[in-house]
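Analysis of the macromolecular model
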Amino acid sequence: MTDSPALYIIPARGGSKGIPRKNIKPLAGRPLIHYSIDVARALAPDSHVIVSTDDDEIRSVAEATGLKVEYRRPASLGGDTIGSREVILDVMDHADRSGIKYDRVVLLQPTSPMRTVEDVEGCLELYTPDIDMVVSVTPAACNPYYDCFETGHDGTLHISKGDGHYTRRQDAPEAWQYNGAVYVINPESIRRMPMGDFPRRIPFVMPRNRSVDLDTPLDWTIAELIINQH
């Protein structure tokens, strides 16, 4: 358990279009949300682990781990158009009203079940109060200097960045993509601005086999294959 308090938020709204009821759908025999709850409880006391849900069934499944889910997400924050920032701020307000002390916010999305306790610890170790966020990344599947293209006004493809002269991926500048697994956020920063506006973001690199983000049935199949193989 870390010495300095962090507030762990696990967002799990009831609606899901790509994979219906995915937050509680069994993955390799366990409800998906249990993977994130287990990681959070390994790092923090239950008082600092908050499941944000608007759904009674998700609450019940989450509480089957032994975690008491007292906070309820307002219905106004349960729609498709609601971003992570609004959800995080509402949980922070709840924590403040409840007297829960914290100096960092750790967002653990249930759709990243391959993340480990060590991954979160690695992000926490990189965090300092003078940055906005530490975020987990993985090598980008598409490099904007090499094989990522945009359509120009004339309808033809143009390389996204650079002059298009790189002939080998390994020669191009490294490119990263968020994998959705871990966000360690400065509470003051997120109160001031959206995460996309953060000027000071530090990457924590995770391998691709732990970076599966469950958004489609194919993602789910890949995750089950990885879990069953290991």
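Quick look at the structure, then. (Residues numbered from 1 in each chain as written. Predicted model: local features only at pLDDT ≥ 70, side-chain atom pairs only at ≥ 80, totals over all residues. Heavy atoms only, no water.)

**Points about the sheet that holds strand β9 (residues 176-185)**
The strand order β4-β1-β5-β9-β6-β10 describes an open sheet built from six strands, whose pairing is mixed. At either margin of the open sheet sits one strand with a lone partner, and together these are β4 (49-52) and β10 (201-205). This sheet shows a mean twist of 30° between the axes of neighbouring strands, independent of strand direction. As judged from the three bridges shared by strand β5 (residues 105-107) and β9, these two strands associate in the antiparallel manner. What sits directly across from Val106, in β9, is Val184. Docked against the sheet, helix α1 (residues 32-43) engages β1 (7-11) and β4, running at close to 175° with respect to β1. Sitting on the sheet, helix α3 (residues 84-97) touches β1, β4, β5 and β9, and the angle it makes with β1 is about 135°. (Pairing = 2+ DSSP bridges. Helix = DSSP H or I, 4+ residues; strand = E, 2+ residues; numbered from the N terminus. Axes fitted to C-alpha atoms, helices over the stretch in contact; angles between N-to-C directions. Contact = heavy atoms within 4.5 Å.)

**Quick word on the nonpolar core**
Side chains that are nonpolar tend, in soluble globular proteins, to be buried together. In this structure, Tyr8, Ile33, Val106, Leu108 and Val120 are the most contacted members of the largest nonpolar core, which totals 31 residues. When contributions to this core are tallied by element, the ones reaching two or more residues are β1, α1, β4, α2 (56-63), α4 (117-126) and β9. With five residues, α1 is the largest single contributor of residues to this core. If sequence neighbours within four positions are ignored, Val120 has contacts with Tyr8, Val39, Leu43, Val106, Leu108, Arg115 and Val182. Grouped together as the second largest cluster of nonpolar side chains are 22 residues, Ile50, Leu107, Ile185 and Phe198 included. (Core = buried A, V, L, I, M, F, W, Y, C linked by side-chain atoms within 4.5 Å. Buried < 20%, exposed > 50% of the residue type's maximum accessible area, 1.4 Å probe, protein only.)

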